[in-house]
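Descriptive analysis of the structure
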Amino acid sequence: MMFRQAYPGERPLFAAPALLALFSLFGAAVTRVLLAARVESVPFSESPGHYIHAFALGYMNDILVAAILFTLMTAPFALVARLSHWRAARIAGHLLFLAVTAAILFQAVAEVFFWEEFDARFNGIAVFYLLYPREVIGNLQESFNLYAYLPLFLAGALLLWWFSYGSLKVTFKRLPPSRGRLARTLLAVAPGLLAAISFSVEPRSLDGNRELDQLAHDGLQSMATAALTNDAVYEGHYPTLPHEEALAALRSLVEQDNTRFIGGPGDSPVLRHVENPGPEKRLNVVLVTEESYGSVFVDSLDNRLQAELSPDLEKLASQGLFFTNIYAQGDRTVRGLEATETGFAPIPGISTARRANADGMDSLPHLLGQRGWETGVLYGGLNSFDNMGAFWRGIDYQHVWDQRDIRHESFSTIWGVSDQDLFTEALSRMDEMTADGSPAFLTLMTVSNHRPYKFPEGELAWDDSIGKVQNTARYAQWAFADFLEQAKTKPWFRDTVFVFVADHSVKINGAARVPVQAFRIPLLFYSPAHIEPARVATLGAQIDLVPTLLGLLNMSYDSPFFGLDLRRVPEGEGRIAIAHNFSIAFGRKGHLVVLEPNGPSEGYSFAPGLEPLQAEAPDPDTLRLAVAQTQEAHRAFYEGRYHWRQPSKAETSGIAALLPDFLVKKSAAEEGR
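Attention here is on the structure that accompanies the text. (Residues numbered from 1 in each chain as written. Predicted model: local features only at pLDDT ≥ 70, side-chain atom pairs only at ≥ 80, totals over all residues. Heavy atoms only, no water.)

**Structural notes on the pairing of strand β16 (residues 590-595)**
Rule in force here: Think of it in three bands: with a 1.4 Å probe and only protein chains considered, a residue is buried below 20% of the maximum accessible area for its type, exposed above 50%, and partly exposed in between. A helix here means a DSSP run of H or I that spans at least four residues, while a strand means a run of E at least two residues long, and both kinds are numbered starting from the N terminus. DSSP calls a pair of strands paired once it identifies at least 2 bridges connecting them.
Where burial is concerned, most of β16 is hidden: five out of the six residues are buried. Two strands pair when backbone bridges link them, and strand β15 (residues 583-588) and β16 are joined in this way by five bridges, in the antiparallel orientation. When the sheet's bridge partners are listed, F586 is paired in β16 with V593. What sits between the antiparallel neighbours β15 and β16 is a turn of one residue.

Here you go:
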């Protein structure tokens, strides 16, 4: 028998939890080997010592996770043993063992797919996905055909159950003796308790390589850390400056030749009056936020394939104001929306769009709405996903529409309708919003360029010579160009500014803690009657979209925004700002720094493009500006100083901040509509 009896006549009470813990260890070991083969930044032959270090630390983490699993499983199996005189209880015990075994196998395979998509172990993204099972399960089915994979998981689980059947049969055979109950309880609780205490709250960097650092983690450990970390905590975890010094540094960063600071103690730390001489252009604005459309899909930027992926976008770029060195604020849609719609600088952890205090944030729709624009947002999916609907309502969009509001038959995947269908609906909405002669601001959020990478058959043929994601990216830019062609027939077209920007780029990979080379995105302002064509290489961040757009409208206004008007940035200047999990990257021409929690800041040489970053000592002045912006943005958000209306929700952080909006109290803005 595999597990010896602790007392004469007693069966091995801990056999089932111990077997599951062993299966977990074996699955984690195989997963780490498979992930190591996918590390792209440094091959094993060049750095075997670092791999050995990562594996050793990783297996220690796996043992701790297995110990916690052992402790968690002892209670239900003890209950089964207590009720084992009932046949139903014994059957339930076998089914529970089978289900947990299948879950262990599924986790091991899922981690490999997750790494392929995000170049990381399970993290906050995985937590978000667990909160939205409809989209995730549908995405898995449409991308990987779950009906083909699930039988394999079940077969593997049945094989392990059959291997364990003898021990389980003895375990569920009769009641445990009453003696030794305290010892058994301690034996069950101690491993998990000690393991939980052993995990540090913030994972430490390993050997300065992000991918090897990820390899050293256990997926469940990383996901639990992401779910439980208090995102509201900043001071004590990140470098800080005295408030007045930080404020002065931040203001030097956002000051331009047409601004003067006007803010008081309760205002945005960068509140300034922006003066643009001449009459204001009350033009319509259509802001198209393209899903996952990174610079790797733009032929004149970072496309390294032989095939053309963006011929239609390139033609439009030659007719508009095209910025080529813009960097996304993060690797999640809500990070992009945070930047392009509120102009707010990135802070560590989850996007402000996922935090309770986002209600009432200063924003582009609020500013335009106050000046007479009718504002609306149209999303191709369901706006309950990732709290987007509550976020949009909270920042003062007058209309919030999603997939359910599209009024014609549409092609759709689990994530929502095709870009063509979204744009068809947008044409109708713009007709209605401009009918009374007032200007309109409509934001569109597309979904086609997302796994499962499908689009309608029709005018654009599928190209088997390139990958799925390249096909949908090519479709996305074609659909945008087709939208503009149809818009040209509308009376509102001439006086409309169309903006094309990505929410984020595609797969994030690389050795650096924030692989910045993977965050570059295109930004295009298109309005032939009002904007002179130009191709601009100014270095910029996603938060610069709002001030640049308002500058193109020749608007004079009081700006709470952290961004800059890119047209007024002197040659060779500009900066980028990126959040990646709990790291913040801040870069200027030639150099970039990364702020880390509970650890030293890192420095890298930096140039736009796909070349990986090279480590170097952090530049003190760049580091000072990075700290100033991040520190003061965090302070302003939680003190309500970046808000046109004080947040109506109580401050929420950690796992509560990750809950979908239907599980938390509705905001005042939502209740009032």
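**Some details on the sheet that holds strand β2 (residues 272-274)**
Think of a sheet as strands paired side by side through backbone hydrogen bonds, with each pair either parallel or antiparallel. Rules: Fitted lines through C-alpha atoms give the axes, limited to the stretch in contact for helices. The angle between two N-to-C directions lies from 0 to 180 degrees.
On the basis of which strands lie adjacent, the open sheet formed by three strands has the order β1-β2-β13 and antiparallel pairing. Edge positions in the sheet fall to β1 (259-261) and β13 (557-559), since each of these pairs with one other strand and no more. Here the average twist between neighbouring strands, direction ignored, is 30°. Sheet topology note: the β2/β13 ladder contains three bridges and is antiparallel. Note on β13: the bridge partner recorded for V274 is Y557.

**Some remarks on the side chain of H366**
Note the cut-off: Any two residues whose heavy atoms approach within 4.5 Å at even a single point are treated as in contact.
Counting through the fold element by element, H366 comes out in helix α13 (residues 364-370). With a relative accessible area of 13%, H366 lands in the buried category. Not counting residues within four places of it along the chain, the set of residues in contact with H366 comprises I395, D396 and W644.

**Some remarks on the environment of A440**
Mapped onto the elements of the fold, A440 is located in strand β9 (residues 440-445). Sequence-wise, A440 and G376 are 64 residues apart; in three dimensions their C-alpha atoms are separated by 8.1 Å. Ignoring anything within four residues of it in the chain, the contact list for A440 reads L283, N284, V285, W373, E374, M430, M433 and T434.

**A closer look at the nonpolar core**
Operational definition: Put simply, buried Ala, Val, Leu, Ile, Met, Phe, Trp, Tyr and Cys residues joined by side-chain atoms within 4.5 Å make one nonpolar core.
Among the nonpolar cores identified, the biggest contains 136 residues, and W392, L444, F483, V516, F525 and L550 are the most heavily contacted of them. Of the residues forming this core, the biggest block, ten residues, is contributed by helix α16 (residues 468-487). In this view, F483 contacts V286, V288, F423, A426, L427, L444 and F498; residues no more than four positions away in its chain are not counted. Formed by 13 residues, the second largest nonpolar core is a distinct cluster that contains F23, I104, L168 and F172.

**Quick word on the sheet that holds strand β3 (residues 284-290)**
Ordered by their spatial adjacency, eight strands build an open sheet running β6-β5-β9-β3-β10-β11-β4-β12, and the pairing between neighbours is mixed. Taken across any chain shown, the strands that pair with only one partner, and hence form the sheet edges, are β6 (399-401) and β12 (534-541). Here the average twist between neighbouring strands, direction ignored, is 15°. Two elements, β3 and strand β10 (residues 496-502), share seven bridges in a ladder whose sense is parallel. Paired with E290 across the strands is A502, a residue of β10. Sitting on the sheet, helix α15 (residues 419-433) touches β3, β5 (374-379), β6 and β9, and the angle it makes with β9 is about 165°.

**A word on the environment of P311**
Its location among the elements puts P311 in helix α11 (residues 311-317). Expressed as a C-alpha distance, the spacing of P311 and S300, which sit eleven residues apart in the sequence, is 9.6 Å. Apart from residues lying up to four places away in sequence, P311 is in contact with D299 and Q477.

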